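Residues per chain are reported as follows:
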Amino acid sequence: MAATDVDIFSNEEKRNLSLGGHVGFDSLPDQLVSKSVTQGFCFNILCVGETGIGKSTLMNTLFNTMFENEEASHYQNGVCMRPRTYDLQESNVHLKLTIVDTVGFGDQINKEESYKPIVDYIDTQFENYLQEELKIKRSLFNYHDGRVHICLYFIAPTGHSLKSLDLVTMKKLDSKVNIIPIIAKADTISKSELHKFKIKIMSELVSNGVQIYQFPTDDHAVTEINSSMNAHLPFAVVGSVEEVKVGNKTVRARQYPWGVVQVENESHCDFVKLREMLIRVNMEDLREQTHARHYELYRRCKLEEMGFTDTDPDCQPFSLQETYEAKRKEFMGDLQKKEEEMRQMFVNKVKETEAELKEKERELHNKFEQLKHMHQEEKRKVEEKRRDLEEEMNAFNRRKVAAETLSLAQPLKKDKDKKKSVKTENQSGVSLSKSKVMMAKASVEPLKCDSWWQAIQCCTCLVHNATWKQGLF
Amino acid sequence: MDAIMLQEKLVERLLCPRVRTSRQKEKQYVGFATLPNQVHRKSVKKGFDFTLMVAGESGMGKSTLVNSLFLTDLYKDRKLLNAEERINQTVEIIKHTVDIEEKGVKLKLTIVDTPGFGDAVNNNECWKPITDYIDQQFEQYFRDESGLNRKNIQDNRVHCCLYFIPPFGHGLRPVDVEFMKALHEKVNVVPLIAKADCLTPSEIKKLKDRVRDEIERFGIKVYQFPECDSDEDEEFKQLDKELKECCPFAVIGSNTVVEARGQRVRGRLYPWGIVEVENQSHCDFVKLRNILIRSHMHDLKDVTCDMHYENYRAQCIQDMTSKLTQDNRMESPIPMLPLPTPDVETDRLIKMKDEELARMQEMLNKMQQQIHDGKDQ
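Residues numbered from 1 in each chain as written. Chains lettered and ligands numbered in written order. Predicted model: local features only at pLDDT ≥ 70, side-chain atom pairs only at ≥ 80, totals over all residues. Heavy atoms only, no water.

Draft legend 1. The overall build of chain A, seen in detail. The helix and strand inventory of chain A stands at 14 helices and nine strands. Buried residues in chain A amount to 36% of all 473 residues. When the accessible surface of chain A is split by element, carbon and sulfur atoms take 54% of a total near 31000 Å². (Helix = DSSP H or I, 4+ residues; strand = E, 2+ residues; numbered from the N terminus. Buried < 20%, exposed > 50% of the residue type's maximum accessible area, 1.4 Å probe, protein only. Areas by Shrake-Rupley, 256 points an atom, 1.4 Å probe, with all protein chains shown as cover.)

The structure is reproduced here in structure tokens:
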């Protein structure tokens, strides 16, 4: 599908030629049609509205099937998106329909963040498509396009005006998706009230600058119907999957005690108008608008964010590749720098740790030395003490022996002392040693002779002689 | 009705010439059976007052319902805010007072409106202004009641609060639950399902069951209709039972009169039919009106006085006395006697002291006994 209708021939000279016969390129649209029919179509609807306002019922009624869905609870903590994809077929046309539900919308007490999940979902779909488009090896014809083509915004039928939440949400969504506002459960508003309500809603939307989807009026075939439908916005719809017998027909309707509201009766509600506009007339235009306007806007913003521009400062057209290359180089440069930094950091850290470890080792060594020293000191001291102690012991033994011998030679001690003293006066310690010898000898029995010559001559056998005892020589 | 007939009979007897045969009957008849009639007369003379609060998101049909209930147009020149003005709207309290009269009975009706409830994008604590208002009224009455001159007390207390639940959802929403829980002990809460003409009868039943379940699950104490006396007739009992099963009421209101079945009735005109507000098979409006006005108005007032106000008063006094013993300041706005505080700490101390005293007493007794014995010996 052409994204833009660029006039291909604008720069060249245009000449109108007339054909001589039937060439056959008037079958181009048919070829296009048959190709797209075989490909199948894809359509994504986003339903935004409070819980219980009738989103699922309306989808069932629009597509005349029962999509499986459970009732949502009112007590969700936040809004969550629930996309479901279905494959439908009518005649020989395949439609891959995705219906995205907003579960929990409008239930919280604080609804300031309620629009965020919705905006995020739409952006994600755009982002995915952009990524696919920018790939080197891409398969766009095979790609399951998840971009939201239409947002049906369900307005509660209060009869007064829009709710504040509605206004805030629609303002956030109008630049991202085609919005069609719908008045839900419209069988609770009478005709006169409905008229006033619609006028009020549209005036509020206009005065707040909310851009809702306008049905295109540039295509001759559908101009009339589209412009008349534009005046009926927002559509007041009633949904029902139950069948009620009215007259002799069975129609989809809601049965009340006071009457039957027929879904497909144009005087009862605008359901038929919605179906016409949404499905039968403008589905393709919606897809185009999504691609040409909303997606392009998103793409432009995203790429500008990334730093791409269409023209560089010299006003020369930049090609995407050059910009991309430049960006890439920059990026790689950044990466390298970072790597360097990290490496440096690593090296520094290692050095630090090494230094620390060395320091510690040194300390330990010192300590060891110290201890060894101390140990030696101690040993030496102990040795000294031991020697001292041994000396003392020896000295003590000698003194002991001396003391014992002295006590043996005690009775001769007087004379000996005299002689000795005489002798010692004249002689040196030789006599002393002699007398010592004698004393040693005489230790057996003390001698009584008063002359040393005699003492020497006598032997022990004479000692007992009494003569000697008296000293009569 | 019975009282009036009784009075008429009595008037006959007293004013007509006495008949011999009826003298014995007269002796047994004292005459205080006319008391109800006296009450009736006095109350008619005094007049009644009733304060009704309506709460719910805007666009639920509150004003329309009030107009339908009291068959007047209270909201003549109302200015509604636009959506962008409501993004940060705060809740206001607006009072409308009207004096209406029916068959000699005067009613001073006050409708308390709460515009802005639930309309802002962030509705945190949006019920606070409402609870503050109710407390203010209680406080005002408390002061008046404890004052010296009690002749002309104006009773502005809110007697009933109608809460409008939107019919578009699957049951109660968090904001509904929070609001009812904040108010159920201050005022009689009567939940209603608004704009019931968007629901088929089976859907109404499902929604009512859902709402009843959720009210029970979250422990919300809505206004309970009192049991009818056992000596009422069967029909009354049957009606009463139906009434109770119908709660919460699914109502439709209308400001316009349409032509239906040859009559002019209040209703809503649709291309597919006419919804009659007073048709019991279309909605529960008639039941609500009966409950609110014809049978239970006074009971609502009684419950407010006897339960909600008394709770408030007790709480208030408790807070005041505990504050007094803490601060030791005589700052009470009303004259009051020093009441024993239900303080846990002092209770414990008192108990301890009591035990000590008891022990000492025992010891004293023992000693005395010993002395006594000693003396004897």
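Draft legend 2. Expanded view of helix α4 (residues 62–70) of chain B. Residues and elements named next belong to chain B. With respect to burial, α4 is a largely interior element, eight of its nine residues being buried. For α4, the set of buried residues is Lys62, Ser63, Leu65, Val66, Asn67, Ser68, Leu69 and Phe70. Two residues or fewer after α4 comes Leu71, characterised by a positive phi angle close to 50°.

Draft legend 3. Layout of the pattern of salt bridges. All names here are of chain A. Within this structure, the stated rule accounts for 44 salt bridges over all chains. With a shortest N-O distance of 2.6 Å, Lys302 and Glu127 are connected by a salt bridge. Taken as a pair, Lys302 in helix α8 (residues 283–306) and Glu127 in helix α3 (residues 115–134) lie far apart in primary sequence, 175 residues in all. Residue Lys302 is classed as partly exposed on the basis of its relative accessible area, which comes to 23%. (Salt bridge = Lys/Arg side-chain N within 4 Å of Asp/Glu carboxyl O.)

Draft legend 4. Layout of unusual backbone geometry. Cis peptide bonds are those with omega within 30 degrees of zero, and the linkage from Leu233 of chain A to Pro234 of chain A qualifies with -15°. Relative to the assigned elements, Pro234 of chain A resides in the loop between α6 (220–230) and β6 (235–236). Residue Pro248 of chain B follows Cys247 of chain B across a cis peptide bond; omega there is -5°. When you line up the elements, Pro248 of chain B lands in the loop between α8 (234–245) and β6 (249–250).

Draft legend 5. Layout of the side chain of Asp174 of chain A. Here Asp174 of chain A shows up in the loop between α4 (164–173) and β5 (179–183). Beyond its immediate stretch of four places on either side in the chain, Asp174 of chain A contacts Ile179, Gly209, Val210, Gln211 and His294 of chain A. (Contact = heavy atoms within 4.5 Å.)

Draft legend 6. Quick look at the interface of chain A and chain B. Across the boundary between the two partners, chain A contributes 45 residues, which contact 53 residues of chain B. Between chain A and chain B, roughly 4100 Å² of surface is buried when both sides are summed, and carbon and sulfur atoms account for 55% of that area. For chain A, the biggest contributors to the area lost against chain B are Tyr75, Ile109 and Trp258 of chain A; these three give 21% of the whole. Where chain A touches chain B, the interface holds three salt bridges. Secondary structure elements with two or more residues in the side of chain A that touches chain B: α4, α5 (191–207), β8 (249–256) and β9 (259–262) of chain A. Its residues assigned to classes, the side of chain A that touches chain B shows 16 nonpolar, 17 polar and twelve charged. (Buried area = accessible area lost by both parts, 1.4 Å probe. Nonpolar A, V, L, I, M, F, W, Y, C, P; charged D, E, K, R; others polar.)

Draft legend 7. Spatial organisation of the sheet that holds β6 of chain B. Residue and element names in this part refer to chain B. Read across the open sheet, the six strands follow the order β2-β3-β1-β4-β5-β6; overall the sheet is mixed. Either end of the sheet is taken by a strand with one partner, and the two such strands are β2 (94–102) and β6. Here seven bridges tie strand β1 (residues 48–55) to strand β3 (residues 105–113), and the two strands are oriented parallel to one another. Across the sheet, Phe50 pairs through a bridge with Leu109, a residue of β3. (Pairing = 2+ DSSP bridges.)

Draft legend 8. Broad picture of the UniProt feature "site: Important for dimerization" (unreviewed entry) in chain B. Those residues carrying the UniProt feature "site: Important for dimerization" (unreviewed entry) are Phe168 of chain B in this numbering. For Phe168 of chain B, the location among the structural elements is in the loop between β4 (160–165) and α6 (174–183). For Phe168 of chain B, a relative accessible area of 2% puts it in the buried group. Among all residues touching Phe168 of chain B, those that are not within four sequence positions of it are Thr51, Gly52, Ile53, Ala156, Pro157 and Lys185 of chain A together with Met60 and Cys198 of chain B. (UniProt positions renumbered as here; feature names shortened; annotations may be inferred.)

Draft legend 9. Examining the nonpolar core more closely. Leu152 of chain A together with Leu162 and Phe179 of chain B are the most contacted members of the largest nonpolar core, which has 157 residues in total. Among the elements that line this core, the one with the most residues is α3 of chain A, at eight residues. Those residues in contact with Phe179 of chain B that sit more than four places away from it in its chain are Ala55, Phe117, Trp127, Ile130, Cys161 and Tyr163 of chain B. (Core = buried A, V, L, I, M, F, W, Y, C linked by side-chain atoms within 4.5 Å.)

Draft legend 10. Highlighting the confidence of the model for chain A. Residue and element names in this part refer to chain A. With 81% of its residues at a pLDDT of at least 70, chain A reaches an overall mean of 81. Confidence, read as mean pLDDT per element, is least for helix α11 (residues 429–442) in chain A (46) and greatest for strand β4 (residues 150–155) (93). Of the regions scoring below 50 in pLDDT, residues 420–444 engages in 19 contacts with residues more than four places distant in sequence or in other chains. (pLDDT = per-residue confidence, 0-100.)

Draft legend 11. Layout of the environment of His170 of chain B. Secondary-structure assignment places His170 of chain B in the loop between β4 and α6. Distance from His170 of chain B to Leu207 of chain B, taken between C-alpha atoms, is 6.7 Å for residues 37 residues apart in sequence. Once residues lying within four places of it in the same chain are set aside, the contact partners of His170 of chain B are Thr51, Gly52, Glu71, Ala72 and His74 of chain A together with Leu207 and Arg210 of chain B.

Draft legend 12. A look at the packing of aromatic side chains. Taken as a whole and assessed by the stated rule, the structure comprises 18 aromatic pairs over all chains. Measuring from ring centre to ring centre gives 6.1 Å for Phe117 of chain B and Tyr163 of chain B, while their planes differ by 85°; the resulting arrangement is edge-to-face. Pair noted here: Phe117 of chain B is in the loop between β3 and α5 (128–146) and Tyr163 of chain B is in strand β4, with a separation of 46 residues, a long-range link. Taken as a pair, Phe117 of chain B and Tyr163 of chain B share a single burial class, namely buried. Between Phe138 of chain B and Tyr309 of chain B the ring centres are 5.8 Å apart and the planes differ by 55°, which places this aromatic pair in the tilted class. Placement of the pair is Phe138 of chain B in helix α5 and Tyr309 of chain B in helix α10 (residues 297–327), with a sequence separation of 171 residues. Exposure class is identical for Phe138 of chain B and Tyr309 of chain B. Each is buried. Above the face of the Tyr129 of chain A ring, Arg147 of chain A is positioned so that its terminal group lies 3.6 Å from the ring centre. A cation over an aromatic ring shows up here: Arg157 of chain B above the ring of Tyr141 of chain B, its NZ or CZ 3.7 Å from the ring centre. (Phe/Tyr/Trp six-rings, centres within 6.5 Å; stacked < 30°, edge-to-face > 60°. Lys NZ or Arg CZ within 6 Å of the ring centre and 35° of its normal.)

Draft legend 13. Broad picture of the sheet that holds strand β3 (residues 93–103) of chain A. All names here are of chain A. In spatial order, the strands read β2-β3-β1-β4-β5-β6; together these six strands make up an open sheet with mixed pairing. The open sheet has two free edges, formed respectively by β2 (80–90) and β6, since each of these has just one partner strand. Bridge count between strand β1 (residues 41–48) and β3: seven bridges; the pairing is parallel. Bridging across to β3, Leu46 finds its partner in Val100.

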